[in-house]
Amino acid sequence: QLQLQESGSGLVKPSQTLSLTCAVSGGSISSGGYSWSWIRQPPGKGLEWIGHIYQSGSAYYNPSLKSRVTISVDRSKNQLSLKLNSVTAADTAVYYCSRFSRGIDAFDIWGQGTLVTVSS
Amino acid sequence: DIQMTQSPSSLSASVGDRVTITCRASQSIASYLNWYQQKPGKAPKLLIYAASSLQSGVPSRFSGSGSGTDFTLTISSLQPEDSATYYCQQSFSTLYTFGPGTKVDIE
């Protein structure tokens, strides 16, 4: 069964770059029919889609974050990455990686999430 | 962006009650509407996709309906383990957006 596990720095200083990885196990990140997303949730708030990347390597981002975000895939490591630069306290959130199944057009598998705090 | 709204923002109901949550999109999204359940400290879990299709493994007391701009999630007989926040999400536009959530408490 496919599982996702986020990891990365839990504390980032303002103006620096947030970097997270999402390890995919129990299946291949290169499997057809899926895209791979990052979604975040500030403490006590709702869910915000950050962006996703297709098997082709094409990435699409939320326009509200587009200038600061990069999502990439390392197929040799079977993992997904997120970089968000110039962070502020507003970027403090739990960050989830998720598989979007194009067959059902829904996020069907989620990682457990990782809390990133932006603070000096 | 397609804006999603939900009502109510929270509700409290008793075990065995029928509970209905409403989700509205700012424009027509056909049936590209999904529902998720999130418990505290956990990732969201897919319940319903394509407005009315039950995800594998989800109890049949959960059901969804609607199309266009108005959708509902119904729990036919509320159980203690259904205490959670429920989110709708549209996948009509690639700029995926979520509703603000509805918190369901058990009385």
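Everything numeric here is computed off the predicted structure, so don't read it as measured data. (Residues numbered from 1 in each chain as written. Chains lettered and ligands numbered in written order. Predicted model: local features only at pLDDT ≥ 70, side-chain atom pairs only at ≥ 80, totals over all residues. Heavy atoms only, no water.)

> Before we go on, may I ask you to explain the nonpolar core in this structure?
Within soluble globular proteins, side chains that are nonpolar generally end up buried alongside one another. Counting residues in each nonpolar core, the largest one holds 26 residues, and the members touching the most others are L18(A), W38(A), L80(A), L82(A) and Y95(A). If one sorts the elements of this core by residue count, strand β3 (residues 18–25) of chain A sits on top with four residues. If you look at the next biggest cluster of nonpolar residues, it comprises 24 residues, including L11(B), I48(B), L73(B) and C88(B). (Core = buried A, V, L, I, M, F, W, Y, C linked by side-chain atoms within 4.5 Å. Buried < 20%, exposed > 50% of the residue type's maximum accessible area, 1.4 Å probe, protein only. Helix = DSSP H or I, 4+ residues; strand = E, 2+ residues; numbered from the N terminus.)

> How should the side chain of Q6(B) be read in this particular structure?
All names here are of chain B. Within the secondary structure layout, Q6 lies in strand β1 (residues 4–7). Of the polar contacts made by the side chain of Q6, one reaches the backbone nitrogen of C88; its length is 3.2 Å. Separated by 3.2 Å, the side chains of Q6 and T102 make a polar contact. (Polar contact = N/O pair within 3.5 Å; in protein donor to acceptor, adjacent residues only side chain to side chain.)

> Quick question: what am I supposed to make of the interface of chain B and chain A here?
Think of interface size as the accessible area that goes away when the parts come together; that is how it is often given. With 17 residues of chain B at the interface, the matching set in chain A holds 19 residues. Roughly 1600 Å² of surface becomes buried between chain B and chain A when both sides are summed, with 67% attributable to carbon and sulfur atoms. At the surface where chain B touches chain A, the tally comes to zero salt bridges. At three residues, strand β4 (residues 33–38) of chain B tops the list of elements feeding residues into the side of chain B that touches chain A. (Contact = heavy atoms within 4.5 Å. Buried area = accessible area lost by both parts, 1.4 Å probe. Salt bridge = Lys/Arg side-chain N within 4 Å of Asp/Glu carboxyl O.)

> Just checking my understanding: could you explain the sheet that holds strand β7 (residues 69–74) of chain A for this structure?
Strand pairing in a sheet is mediated by backbone hydrogen bonds. Such pairs are either parallel or antiparallel. Residue and element names in this part refer to chain A. Strand order across the open sheet formed by four strands is β1-β3-β8-β7, with antiparallel pairing between neighbours. What marks the edges here is a single partner per strand, and that holds for β1 (3–8) and β7. Taken pair by pair, the neighbouring strands of this sheet meet at an average axis angle of 20°, ignoring direction. The sheet contact formed by β3 and strand β8 (residues 79–84) spans six bridges and is antiparallel. Looking at the pairing, C22 lines up with L80 of β8. (Pairing = 2+ DSSP bridges. Axes fitted to C-alpha atoms, helices over the stretch in contact; angles between N-to-C directions.)

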